[in-house]
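# Results of the structural survey
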Amino acid sequence: MIKGDRFCRLVYLGESQKIKKHTYGMFRCDCGREKRIRIDGVSGGQIKSCGCLYHERCNEFGLNSIEYERLYNVWANMRKRCYDTKSDRYYAYGAKGITVCDEWKDDFHAFAKFAIDNGWNSKLSIERIDLAKGYEPQNCIFITMKQQARNKTSNIKVNYNGEIKCIAEWCEVLGLNDKRTYRRYQLGIRNPDILFYPGDLRGLRRRA
Ligand SMILES: [Zn+2]
């Protein structure tokens, strides 16, 4: 990097200095501020301004920086699940052909605009309406984590007395607490007689 080099809003002024493991340099931002910034962050394209660009983007959506960060993570994690084979959720998304629509895939701003227009706030996460379809405006809503957990429960189908229903439906029919039933399922219990046992499992053991 040589003096006068420009990277987005930043112009390199020199004065490189190694601090611990990284090399820092002085930069002048288009907003007028001068700041010492990590050179590899600037040359790698991750840092584009003194920070003013980031704040402008937050303001554009009427979000504070924490909300902006959260929404960015909603978008980034959605892409990871669908395209990053190293993601621990990839098997349930990308591997099953779930994709992000062209409009959102490489454009956080398009996604953010949709999210804000559709009532997103930092307590909500993204959910697909039709789980066979991908992430696209017609198929996405924003719901609380609690609602999302409930939706996941309702997607697990159990064969009981020759009939197949979702756990949530079974709980409704049998008058059971679906949280407790789901917890049992998570513990690895698959036998419907135990899964749907109406009392405490310790009682079942005593009886047996
Ligand atoms: Zn600036």
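Before reading further, recall that the structure is shown in the block above.
Below or above, wherever it landed, is the structure these notes cover.

Turning to the packing of aromatic side chains, a few remarks are in order. Tallied over the full model, the rule gives 12 aromatic pairs. Summarising the aromatic geometry, the rings of Phe-114 and Phe-142 are spaced 6.0 Å apart at their centres and angled 45° between planes, so their arrangement reads as tilted. In this pair, Phe-114 is assigned in helix α5 (residues 108–117) and Phe-142 in strand β6 (residues 140–144), connecting sequence segments 28 residues apart. Taken as a pair, Phe-114 and Phe-142 share a single burial class, namely buried. Each residue in the set Tyr-68, Tyr-72, Trp-75 and Phe-108 is aromatic and connected to the rest through ring pairs, giving one cluster. Across the ring face of Tyr-135, the terminal group of Arg-128 is positioned such that the distance to the ring centre comes to 5.2 Å. The ring of Trp-170 carries Lys-165 above its face, with NZ or CZ at 5.3 Å from the centroid.

Attention now goes to the sheet that holds strand β3 (residues 22–29). The sheet built from 4 strands is open, its strands ordered β1-β2-β3-β4 with antiparallel pairing. Two strands bound the open sheet, and with one partner strand each, they are β1 (6–7) and β4 (34–38). Note: β1 against strand β2 (residues 10–19), 2 bridges, orientation antiparallel. Its bridge partner lying in β2, Phe-7 is registered against Leu-10.

At a minimum axis distance of 9 Å, the contact between helix α2 (residues 52–61) and helix α3 (residues 65–83) shows a crossing angle of 85°. Judged by the inter-axis angle, α2 sits roughly perpendicular to α3. Contacts between α2 and α3 involve Tyr-54, Arg-57, Cys-58 and Phe-61 on the former and, on the latter, Ser-65, Tyr-68 and Glu-69. In the contact of α2 with α3, the residues fall into 4 nonpolar, 1 polar and 2 charged.

This brings us to the pattern of salt bridges. Here the structure, examined in full by the defined rule, presents 8 salt bridges. Linking Arg-6 and Asp-30 is a salt bridge whose minimum nitrogen-to-oxygen distance equals 3.1 Å. Separated by 24 residues along the polypeptide, Arg-6 in strand β1 and Asp-30 in the loop between β3 and β4 bring together distant segments of the chain. You can call Asp-30 partly exposed: its relative accessible area is 47%. Across the pair Lys-165 and Glu-163 runs a salt bridge whose closest N-O atoms are separated by 2.8 Å.

Moving on: the side chain of Ser-125. Topologically, Ser-125 is positioned in strand β5 (residues 124–128). With residues up to four places along the chain from it excluded, the contact list for Ser-125 reads Ile-141, Phe-142, Ile-143, Met-145 and Gln-148.

With distances of 2.2 to 2.4 Å, the protein atoms coordinating the zinc ion are Cys-29 (SG), Cys-31 (SG), Cys-50 (SG) and Cys-52 (SG). Geometry at the zinc ion is tetrahedral, judged from the 4 donor atoms that bind it and their angles of 100 to 117° at the metal. Sequence positions of the residues that donate to the zinc ion give the spacing C-x1-C-x18-C-x1-C. With Cys-31 in the loop between β3 and β4 and Cys-52 in helix α2, the pair connects residues that are 21 residues apart, well separated along the chain.

We now examine the layout of surface pockets. The computed volume of the second largest pocket comes to approximately 340 Å³. Together, 13 residues line the second largest pocket, and Gln-46, Lys-48, Tyr-54, Arg-57 and Tyr-68 are the ones closest to its centre. At the level of elements, α2, α3 and α5 are the ones that each hand at least two residues to the lining of the second largest pocket. Partitioning the lining of the second largest pocket into residue classes produces 6 nonpolar, 4 polar and 3 charged. Structurally, the lining of the second largest pocket is a two-domain feature, drawing no fewer than three residues from each of domain 1 (6–50) and domain 2 (61–147).

Note that Gln-138 resides in the loop between β5 and β6. Taking the C-alpha atoms as reference points, Gln-138 and Arg-128, 10 residues apart in sequence, are found 9.1 Å from one another.

On to the packing of α2 against α5. Packed helices, taken two at a time, are described by the angle their axes make and the gap between the axes. Between α2 and α5, the least distance of the axes is 10 Å, while the angle of their chain directions is 35°. Contacts from Arg-57, Glu-60 and Phe-61 of α2 reach α5 at His-109, Ala-112, Lys-113 and Ile-116. Considering only residue class, the contact of α2 with α5 consists of 3 nonpolar, 1 polar and 3 charged.

Cut-offs applied
- Residues numbered from 1 in each chain as written.
- Predicted model: local features only at pLDDT ≥ 70, side-chain atom pairs only at ≥ 80, totals over all residues.
- Heavy atoms only, no water.
- Phe/Tyr/Trp six-rings, centres within 6.5 Å; stacked < 30°, edge-to-face > 60°.
- Helix = DSSP H or I, 4+ residues; strand = E, 2+ residues; numbered from the N terminus.
- Buried < 20%, exposed > 50% of the residue type's maximum accessible area, 1.4 Å probe, protein only.
- Lys NZ or Arg CZ within 6 Å of the ring centre and 35° of its normal.
- Pairing = 2+ DSSP bridges.
- Axes fitted to C-alpha atoms, helices over the stretch in contact; angles between N-to-C directions.
- Parallel < 35°, antiparallel > 145°, perpendicular 65-115°, else oblique.
- Contact = heavy atoms within 4.5 Å.
- Nonpolar A, V, L, I, M, F, W, Y, C, P; charged D, E, K, R; others polar.
- Salt bridge = Lys/Arg side-chain N within 4 Å of Asp/Glu carboxyl O.
- Donors = N, O, S within 2.8 Å, 3.2 Å for Na, K, Ca; no water.
- Tetrahedral: all angles 85-135°; square planar, octahedral: opposite > 155°, others 65-115°.
- 1 Å grid on protein atoms, 1.4 Å probe; cavity = no way out; pocket = protein on both sides within 12 Å on 5 of 7 lines; lining within 4 Å.
- Points joined across faces, edges and corners; volume = space filled by probe spheres on them.
- Domains from an automatic or database assignment.

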